[in-house]
Structures are given as structure tokens and as C-alpha cells.
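Listed below, chain by chain, are the residues.
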Amino acid sequence: MKKRIVVSLLLLAVIGLLIYTIANPYDAEAFEESGSEFYSTWVALIPPVVAILLALLTKEVYSSLFVGIVSGALLYSNFNLEHAVNTMFFNEDGGMLYKIADSFNVGILVFLVLLGILVALMNKAGGSAAFGNWASKHIKSRKGAQLATVVLGVLIFVDDYFNCLTVGSVMKPVTDSHKVSRAKLAYIIDATAAPVCIIAPISSWAAAVTSSVPEDSNINGFQTFINTIPYNYYAILTLVMMIIIILHKADFGPMKKHEINAFKGDLFTTGGEGKGTDEHIEVSDKGIVLDLVLPVAVLIIACIFGMVYTGGFLDGVDFITAFADADASVGLVLGGFVAVIFTFFYYMLRDVMSFKDFTDCIVAGFKAMVAPILILIFAWTLSGMTNLLGAKVFVADTVAQAAPELQSMLPAVIFLVALGLAFSTGTSWGTFGILIPIVMGVFPNGEMMLISISACLAGAVCGDHCSPISDTTIMASAGAQCNHINHVSTQLPYALTCAAVSFVTYIFAGYIKNPAICLPIGIVLMIITMLIIEKVTGRMPDVEESAEA
């Protein structure tokens with residue numbers, strides 16, 4: 001009955017839009033002069049909010065993102081159905097076809113496929129199984145499995161996309177053997193991706209931040225990024241919080257349910273969603289640990305070299321400058337391609353698979369990445385619709401107008417604004433690309449400039465963590481082969497808890513302006529907050545001791 005009512009209402013809405021479109025045909029010249037009635041207003045934030053709320057309510061991400069895209073296109077076209085359809089698919093600044101055709105986006109999609117192929121190859125050759133067996137002998141507890149995942153995530157600091165998919169493919173056998181839920185694995189992957197990259201001097205994120213500093217500011221972008229690291233409270237406190245949760249078994253919210261279910265044998269809680277097609281491939285019994293470690297090591301080295309290569313390293317540019325000028329998309333594709341080719345020859349020489357096995361893995365790897373690719377395309381298009389509506393302009397104007405009256409409170413406000421913008425658009429880089437020039441217009445230099453830029457970076461990462469349409473959140477789900485909505489719903493309470501502590505810490509920073517004092521304050525506040533939560537919600541059952549008993 002409810003289904004018929006919903007379908008009937010949708011049909012009536014479409015008929016109404018058709019009648020309105022026929023009565024008010026699209027006039028390109030008139031629209032070019034007047035534009036959208038909702039441009040740069042609070043209404044511009046409605047499409048991503050609609051998509052996010054629907055995703056959380058329905059637990060279905062594809063249709064939710066599509067509804068958000070449609071609502072954005074309708075608002076942009078002033079509810080003219082013809083113009084909305086053309087905007088949704090063919091607009092050069094935000095349409096789906098142009099988002100798919102964007103060279104950077106295509107590079108990320110190709111990198112996804114290459115990593116999917118590499119994971120399928122490692123599974124087929126028995127490398128993942130061999131590593132899982134080795135790890136099960138050396139890693140004796142769930143706590144150890146989670147800490148090992150954290151260490152690997154921190155070590156792979158070059159790029160968040162690379163981090164998400166590599167850590168997931170390597171550590172899944174280990175965490176599965178110790179009954180760690182896929183939602184918890186996805187959280188650890190996500191928490192060691194962007195938060196680590198944003199405080200790592202040599203990473204694609206450092207390059208993005210450096211390029212966001214206006215060229216006419218006479219400020220060294222890379223040096224400014226280095227100086228902001230001690231003030232990046234969300235990134236640092238996320239790592240602190242994660243370690244406390246693992247060591248104290250202090251999971252709370254939906255994650256606690258997932259972890260308890262995982263110990264009972266259900267790693268997914270909602271019936272096994274997220275299992276990749278690679279799990280159905282027949283595995284070789286000749287696999288050894290080196291069959292996983294060597295391809296991953298080659299992938300890491302090749303991706304780093306690929307990135308500095310695109311930055312002109314072979315042309316005499318120094319390593320740091322080459323990294324700052326690197327094209328992450330091209331570099332990752334080059335690194336992924338080299339790793340796949342190396343793995344092919346290595347496995348052939350090892351005689352752990354045939355040529356047909358290799359070609360089968362290409363198909364299997366591509367299939368495993370279809371879901372994240374589709375979500376990414378929809379998320380990019382939704383972001384495009386939001387940009388067409390001027391959401392970024394609205395936020396930027398709001399911050400610029402409010403800044404003169406705030407001063408010492410500005411870092412905390414910037415943190416919230418960046419969080420909201422990244423949450424709505426699903427992009428961290430776009431968020432700090434807009435806000436950093438505004439911040440530097442208010443504080444051209446000095447300690448307040450560093451604190452405010454850090455608040456912008458921290459808020460962008462936090463919003464990115466909270467948003468279901470964020471590409472890194474999607475990548476973390478793909479890396480852990482976890483249902484995307486499960487990952488979002490379990491990570492959200494953790495991200496918001498850390499955001500609250502970070503916000504309070506930025507209030508202190510705006511007045512104290514000393515990282516040696518403010519960072520310890522933030523860490524102490526984080527520890528106290530987690531102890532209070534643990535006291536209120538109770539510690540996780542000691543499943544390992546229960547098993548022994």
C-alpha cells in the first residue's frame with residue numbers, strides 16, 4: 001500500500017513538472033541572463049542533504065544519490081524538466097557525462113579497476129590466504145589485528161585512495177580471522193587515510209593544500225602546510241581516539257552491535273553485503289606470504305615514483321617540489337599499471353596461475369569495483385549539481401561577512417563551516433580550496449592564519465568522514481568490502497565525537513595561540529570524553545576471554 005502511494009505521488013510530481021515545462025518552455029537566453037532563482041542561497045544545500053537523509057533512512061545509496069542529483073538539477077533549472085534533464089547529464093560544469101569524462105576522475109576510476117585486478121590476482125595466487133595464515137600465527141588477538149591495520153594505514157600515507165584500497169585488501173584476511181567486523185575495518189581504514197594524509201608532508205593532500213595557497217600571498221605554501229600540522233586537531237585526535245577504542249575495547253553506538261555480531265560469526269551484521277566477487281575465485285594452494293607482500297611493495301614504490309614523475313622529478317625538479325606539483329590521478333594509474341604488469345610476470349614465473357587465470361582476474365577485479373565506481377560517479381554528479389547552485393559561494397560569502405566580528409572565535413567557526421561544506425559536497429579538496437584564500441584574506445600572516453587554515457583542513461576532513469557521498473568514505477567501504485551505509489552509520493558517531501572535542505580545542509587555540517599548550521589540552525579532552533562514553537555505554541564484552549572460558 002505504501003509503495004503504491006509513493007509511486008502515485010512521484011507520478012503526479014512528474015506530470016506536474018511536464019505541465020509546467022510545457023507552459024513555461026526553456027529559454028536559453030533568458031536563463032543565461034537571470035540564472036537559477038536559488039543560486040548562492042541556503043536552498044543550494046538541499047540536494048546533498050536530501051541524498052544523505054534518504055541514504056541513512058532507506059539504507060540504499062544508489063537511489064538516494066540519484067534523487068539528490070535530480071533535485072539539484074530541478075532547482076538549478078527553476079523546475080523546468082527539459083532543462084533539468086539536460087543539466088543533469090550534459091552540463092559542462094556538473095553534468096554526469098562531463099564528470100565521467102573529466103581526466104582526473106577517469107584516472108581515479110582506472111586506478112580503482114587496477115587495484116581491483118591486483119587484489120583478485122593476489123587472492124587467486126593464494127597470497128592473501130598465505131598472509132592470513134601467517135598473520136594468524138603471529139597476531140594472537142583482535143586487538144593486535146586492529147593495531148596492525150592501524151600501523152599499515154599510517155605507513156601508507158602517500159594518498160588516501162591508495163591507502164583505503166591497499167590496506168583493505170591486505171588486512172581483510174587478518175581481521176576476518178580474528179572476527180573483527182567489516183564496519184570496524186572500514187572505520188580503521190578511513191581513520192588512517194585522510195587524517196594521516198593531511199598531516200603527512202609527503203602526500204597528495206600536502207600537494208593539494210600547497211596549491212590552495214594564493215600565489216600572490218608571498219607565503220610559502222609547503223612551509224605553511226608544515227606549520228599547520230600541530231594545529232590539525234581533528235586528524236590527530238582521530239588517531240588518539242582510535243587507539244583508545246582499540247586498547248580499551250570502547251566501541252559505542254552502532255559499531256558496538258557490529259563488533260558483537262562479528263564475534264558471533266557475522267562480520268557484516270546485515271546479511272553479508274559487501275562481499276566481493278573475488279571471494280568466488282578458486283585459490284591456488286601454492287601461495288606464499290611473498291605473493292602478497294611483493295606486489296603491494298611494488299605498488300607503493302611505483303605509485304610514489306609515478307606521482308613524482310608527473311611532478312617533473314626526472315626533469316631535475318627536487319623530490320619535494322615534484323610531489324607538490326604531482327598529478328595524483330596520473331601517478332596512481334601509472335603505479336597501479338606497473339604493479340599489475342609486475343605481478344603478472346612474477347606469478348607466471350612462480351607458476352601459481354595460468355594466463356587464463358590472469359585474464360579471469362581482470363574481469364573479476366573489474367566486477368568487484370562496479371559498486372564503488374557507480375557510487376563515485378553519482379557522488380561527483382551530485383557535487384556538480386551543488387556547485388552549479390552556488391553552495392560554495394553561499395558558504396564563502398557567509399564566512400567573509402561574519403569574519404570581522406569573530407576574530408578569536410574564527411578558527412572554531414571555520415572548522416564548523418568547512419565541516420558543513422565538505423559534508424554537503426563530499427569533497428575535502430574543494431572545501432579547503434575555497435576557504436583557504438578567504439582565511440588568508442582575514443589573517444594574511446601570523447599564528448592566527450596557521451590556526452585558521454588548520455581549522456579549515458580539519459573541518460574538511462571531518463565533513464569528508466561524515467558524508468556518505470565522500471569519495472574517500474566510498475573507497476573505505478570498497479577497501480573493506482563493507483556495506484556503504486553500514487560504514488557511514490557506524491563511523492558517524494565516532495567522527496562527531498571527535499569533531500566536538502576538536503571544536504572545543506579550536507576555541508582554546510583562538511585565544512591561547514600556542515600549539516605546545518593547545519594540543520595537549522585537546523588530547524586530555526579526548527581521553528576524558530572517551531572515559532565518560534565508556535562509563536555511560538559500558539565497555540565491549542571481553543570476547544577473547546569469553547572464548548577462552
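Being a predicted model, the structure only gives us computed values, none of them experimental.

**Q** Looking at this structure, how should I read the side chain of Thr472?
**A** Here Thr472 is to be found in helix 26 (residues 471-480). Among the residues examined, Thr472 registers a relative accessible area of 1% and is labelled buried. At a separation of 3.0 Å, a polar atom in the side chain of Thr472 contacts the side chain of Ser470. With residues up to four places along the chain from it excluded, the contact list for Thr472 reads Asp160, Tyr161, Cys164, Asp190 and Asp464.

**Q** Just checking my understanding: could you explain the nonpolar core for this structure?
**A** Across soluble globular proteins, nonpolar side chains show a tendency to be buried alongside one another. By size, the foremost hydrophobic cluster in this structure holds 153 residues, and its most contacted members are Phe415, Phe432 and Met530. Excluding residues within four positions of it along the chain, Phe415 makes contact with Tyr234, Ala455, Ala458, Gly459, Cys462, Ala499, Ser502, Phe503 and Tyr506.

**Q** Sorry, what's going on with the packing of aromatic side chains here?
**A** The way to describe two aromatic rings as a pair is by their centre distance and the angle between their planes. Under the defined criterion, the tally for this structure stands at 16 aromatic pairs. When the centroid spacing of 5.9 Å and the interplanar angle of 85° are considered together, the rings of Phe313 and Phe319 count as edge-to-face. On the accessibility criterion, Phe319 (30% relative accessible area) is partly exposed. Of the aromatic side chains, those joined through ring pairs into one cluster are Tyr231, Tyr233, Phe415 and Tyr506. When the ring centre of Phe263 is taken as reference, the NZ or CZ atom of Lys179 above it lies at 5.2 Å.

**Q** Mind showing me how you'd approach a negative patch on the surface here?
**A** A cluster of like negative charges, contributed by Asp27, Glu29, Glu32 and Glu33, occupies part of the molecular surface. Topologically, Glu33 is positioned in helix 2 (residues 28-34). On the basis of relative accessibility, which here comes to 73%, the residue Glu33 falls in the exposed class.

**Q** Would you mind showing me how to read the pattern of salt bridges here?
**A** All told, the structure shown has seven salt bridges when counted by the stated rule. For Arg182, the salt bridge is made with Asp176, and the minimal N-O distance between the two is 2.7 Å. Two residues, Arg350 and Asp291, come together in a salt bridge whose shortest N-O distance is 2.7 Å. Within this pair, whereas Arg350 is found in helix 19 (residues 328-350), its partner Asp291 is found in helix 17 (residues 290-310), the two being separated by 59 residues in sequence.

**Q** I tried to follow helix 9 (residues 142-155) on my own but got confused; where do I start?
**A** With 14 residues, helix 9 extends 20 Å from end C-alpha to end C-alpha; this agrees with the ideal 20 Å at 1.5 Å per step. Among the residues of helix 9, those classed as buried are Arg142, Ala145, Gln146, Thr149, Val150, Leu152 and Gly153. The arc enclosing the buried residues of helix 9, seen along the axis, measures out at 165°, which places them on a common side.

**Q** Help me understand the packing of helix 9 against helix 15 (residues 233-248) in this model?
**A** For any two helices packed against each other, one specifies the crossing angle of their axes together with the interaxial distance. Where helix 9 contacts helix 15, the axes come no closer than 9 Å and their chain directions differ by 160°. Comparing their axes, helix 15 and helix 9 come out roughly antiparallel. Once helix 9 is placed against helix 15, the crossing between them reads as left-handed. Every residue of helix 15 that contacts helix 9 at Lys143, Gln146, Leu147 and Val150 is listed here: Met242, Ile243, Ile246 and Leu247. Of the residues that constitute the contact of helix 9 with helix 15, the class distribution is six nonpolar, one polar and one charged.

Cut-offs used in this document
- Residues numbered from 1 in each chain as written.
- Predicted model: local features only at pLDDT ≥ 70, side-chain atom pairs only at ≥ 80, totals over all residues.
- Heavy atoms only, no water.
- Helix = DSSP H or I, 4+ residues; strand = E, 2+ residues; numbered from the N terminus.
- Buried < 20%, exposed > 50% of the residue type's maximum accessible area, 1.4 Å probe, protein only.
- Polar contact = N/O pair within 3.5 Å; in protein donor to acceptor, adjacent residues only side chain to side chain.
- Contact = heavy atoms within 4.5 Å.
- Core = buried A, V, L, I, M, F, W, Y, C linked by side-chain atoms within 4.5 Å.
- Phe/Tyr/Trp six-rings, centres within 6.5 Å; stacked < 30°, edge-to-face > 60°.
- Lys NZ or Arg CZ within 6 Å of the ring centre and 35° of its normal.
- Patch = residues over 30% accessible without salt bridge, like charges linked within 9 Å, V, L, I, M, F, W, Y side chains within 5 Å.
- Areas by Shrake-Rupley, 256 points an atom, 1.4 Å probe, with all protein chains shown as cover.
- Salt bridge = Lys/Arg side-chain N within 4 Å of Asp/Glu carboxyl O.
- Lys, Arg positive; Asp, Glu negative; His and termini not counted.
- Charge placed at Lys NZ, Arg CZ, Asp CG, Glu CD.
- Expected span 1.5 Å × (residues − 1).
- Arc of directions from axis to C-beta.
- Axes fitted to C-alpha atoms, helices over the stretch in contact; angles between N-to-C directions.
- Parallel < 35°, antiparallel > 145°, perpendicular 65-115°, else oblique.
- Left-handed = near helix turned anticlockwise from the far one by under 90°.
- Nonpolar A, V, L, I, M, F, W, Y, C, P; charged D, E, K, R; others polar.

Worth remembering: the numbers are spatial, not functional.
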